[in-house]
Amino acid sequence: MENTNAAAESKRGWFRLPELNREESNIYSTAPGANKLAMAVNTLTSVLLVVALVQTGQQNQAFIAVGLTAAFAMVYGTGMLRQEATDPWLRLLWIALLTAVWVLMLPVIPVAVYLVLPMYFMVLRVIPDIRGVVAIVALTFMAVMSRWPEITFGAVVGPVVSALVVIGMHLAFVASWRGAREREALIEELMSTRNQLAATERAAGVAEERQRIAHEIHDTLAQGLSSIQMLLRVAEQDILNSSMSEEERLLPLKRMELARQTAADNLGEARAMIAALQPAALSKTSLEGALHRAANQVVGPEVCILVEGEERQLPMRTEASLLRIAQGALGNVAKHAHATRCQVTLTYEEDEVRLDVVDDGQGFDPTAVSSEHAGLGHIGLAAMRQRAREQGGVLEVESAPGEGTAVSLALPINQKG
């Protein structure tokens, strides 16, 4: 199909009028400045018709000349008033009828040849494509031949130059209209993109704040309640090992049990809040399961998840950071790598956990990317490095054009996190 279109384009040569769709075929009624252009053409036509009427008074066939001039004015005015509400085929019929009246005027009113100029505009208004140019060529030929057999150089140059000027104005008008529409579409797209970015930033901000609150609850309230439980158990053992009688132990042990149960209930509520605030993927499954869920959302390359070492529960902050960085790396693979395969390896070691994301894509120059401003589209790597630094870890990127990319993350395991 593309080769056929290219061949058709080449056959048209250096001169090619733009092909217009149904919406664009009404540019002379919808484009900015169209009303002023129509007013100018109407004024020119009116002046030429007045001149034709003046000349009819000097001819033997004045009655016929006046009738033809009136007929032209009536057909022209009717078509201009009802053009926007008329079927395209009726517009063609209108321009054909107007042309027929004009041809009849030529042998009777010689000055009617100048009406070819507004006729050019009318033809392109009704047929704003290559067919209109063919019609203009035909009108020009008729205007020149109307001077037969006394065809002069001016009789040829005048209509030809007028036709070229009108066609050039039409091309400029169409290009201006299309440029305006493209700018409108671009502005709408930019506004839509800005709204999407704003919504994404708000969602990211909400997620980050929720995670921060979850961390605070975990590090303060939950840890404190756990400590209270442990201290109460120690106090219970101290009382049980003391020399107090059973009767003396009963009341303090009962109150300690009540306090310990209250602390346990509040700790359960705190953990429920932490689960509700942490990333959705982690709240529903293990870290490995969350990575599988993230991999299933990647469109394009085949993603394989491998887990090495003894899998165990990690601190919430560590798991959240691993998941977010893995999601960012997989997002980069899907958007930029053009890869067919990607392997994500999660390695548990004694004092650290490693995450490696390797693809077989087109690769890039990490040095060049690092030297560019974050706003140029590399905010994903910067965000991943920042998240790794916040957890005391290191993120490294190894890549080269045509050799794929490897993202390696190492996070220390803080058992108190």
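Above this text you will find the structure in question.
Draft legend 1. Representation of the overall build of the chain within the structure. Scanning the chain from terminus to terminus reveals 14 helices and five strands. Expressed as a percentage of its 417 residues, the buried residues of the chain come to 36%. Contacts spanning at least 24 positions in sequence make up 68% of the contacts within the chain whose residues lie at least 6 apart. As displayed, the chain offers around 25,000 Å² of accessible surface, 59% of which is attributable to carbon and sulfur atoms.

Draft legend 2. Inspection of the pattern of salt bridges at higher detail. Counting across every chain of the model gives four salt bridges. Between Glu-352 and Arg-354 there is a salt bridge, and its shortest N-O distance comes to 3.9 Å.

Draft legend 3. Representation of the packing of helix α5 (residues 88–108) against helix α6 (residues 116–126) within the structure. Where α5 contacts α6, the two axes come as close as 10 Å, and the packing angle between them is 165 degrees. Classified by the angle between their axes, α5 and α6 sit roughly antiparallel to one another. In this structure, the crossing between α5 and α6 has a hand that is left-handed. For the pair α5 and α6, contact is made by Arg-91, Leu-92, Trp-94, Ile-95, Leu-98, Thr-99 and Trp-102 and by Val-116, Met-119, Met-122, Val-123 and Val-126, respectively. Residue composition of the contact of α5 with α6, grouped by class: ten nonpolar, one polar and one charged.

Draft legend 4. Summary view of the pairing of strand β1 (residues 302–308). The pairing of β1 with strand β2 (residues 341–348) spans seven bridges and is parallel. Considered in β2, the bridge of Ile-305 is made with Val-344. Following the chain from β1 across helix α12 (residues 316–337) to the adjacent parallel β2, one finds a crossover that is left-handed.

Draft legend 5. Layout of the packing of aromatic side chains. With the rule as written, the count across this model stands at one aromatic pair. Relative to Tyr-76, the ring of Phe-72 has its centre 6.4 Å away and its plane inclined at 10 degrees; by these criteria the two rings are stacked. Of this pair, Phe-72 and Tyr-76 both sit in helix α4 (residues 62–82), four residues apart, roughly one helical turn. Phe-72 sits in the buried class, given a relative accessible area of 1%.

Draft legend 6. Just the packing of α5 against helix α7 (residues 130–145), in detail. The interhelical angle for the contact between α5 and α7, taken along N-to-C directions, is 15 degrees, at an axis separation of 10 Å. With respect to each other, α5 and α7 are oriented roughly parallel. Two packed elements cross with a definite hand, and for α5 against α7 that hand is right-handed. Of the residues in α7, those in contact with Thr-99, Trp-102, Val-103 and Leu-106 of α5 are Leu-139, Met-142 and Ala-143.

Draft legend 7. How the structure looks around the sheet that holds β2. The strand order across the open sheet built from five strands is β1-β2-β3-β5-β4, with neighbouring strands paired in mixed fashion. In this open sheet, the two strands that pair with only one neighbour each are β1 and β4 (394–399). Ignoring which end each strand starts from, the neighbouring axes of this sheet average 10 degrees apart. Of the pairings in the sheet, the one linking strand β3 (residues 352–359) to strand β5 (residues 405–412) comprises eight bridges and is antiparallel in character. Bridge pairing in β5 places Asp-359 opposite Thr-405. Packing against the sheet, helix α11 (residues 287–296) makes contact with β1 and β2, and its axis sits at approximately 170 degrees to β1. Relative to the sheet, α12 contacts β1, β2, β3, β4 and β5, its axis offset from that of β3 by approximately 10 degrees.

Draft legend 8. Region of the structure containing the side chain of Thr-99. Tracing the sequence through the fold places Thr-99 in helix α5. For Thr-99, a relative accessible area of 17% gives the class buried. Not counting chain neighbours up to four residues away, the residues in contact with Thr-99 comprise Met-119, Leu-139 and Met-142.

Draft legend 9. Broad picture of α6. With respect to burial, α6 is a largely interior element, ten of its eleven residues being buried. Along α6, the positions that sit buried rather than exposed are Val-116, Pro-118, Met-119, Tyr-120, Phe-121, Met-122, Val-123, Leu-124, Arg-125 and Val-126.

Draft legend 10. Structural detail: α4. Taking 1.5 Å per residue, 21 residues should reach 30 Å; α4 reaches 30 Å between its end C-alpha atoms and fits that length. Ala-65, Leu-68, Thr-69, Phe-72, Val-75, Tyr-76, Gly-79 and Met-80 are the residues of α4 that are buried. Within α4, the buried residues cover an arc of 130 degrees as seen down the axis, which keeps them to one side. Opposite the packed face of α4, turned more than 90 degrees from it, sit the exposed residues Phe-63, Met-74, Leu-81 and Arg-82.

Cut-offs applied
Residues numbered from 1 in each chain as written. Predicted model: local features only at pLDDT ≥ 70, side-chain atom pairs only at ≥ 80, totals over all residues. Heavy atoms only, no water. Helix = DSSP H or I, 4+ residues; strand = E, 2+ residues; numbered from the N terminus. Buried < 20%, exposed > 50% of the residue type's maximum accessible area, 1.4 Å probe, protein only. Contact = heavy atoms within 4.5 Å. Areas by Shrake-Rupley, 256 points an atom, 1.4 Å probe, with all protein chains shown as cover. Salt bridge = Lys/Arg side-chain N within 4 Å of Asp/Glu carboxyl O. Axes fitted to C-alpha atoms, helices over the stretch in contact; angles between N-to-C directions. Parallel < 35°, antiparallel > 145°, perpendicular 65-115°, else oblique. Left-handed = near helix turned anticlockwise from the far one by under 90°. Nonpolar A, V, L, I, M, F, W, Y, C, P; charged D, E, K, R; others polar. Pairing = 2+ DSSP bridges. Right-handed = clockwise from strand over helix to strand, strands pointing away. Phe/Tyr/Trp six-rings, centres within 6.5 Å; stacked < 30°, edge-to-face > 60°. Expected span 1.5 Å × (residues − 1). Arc of directions from axis to C-beta.

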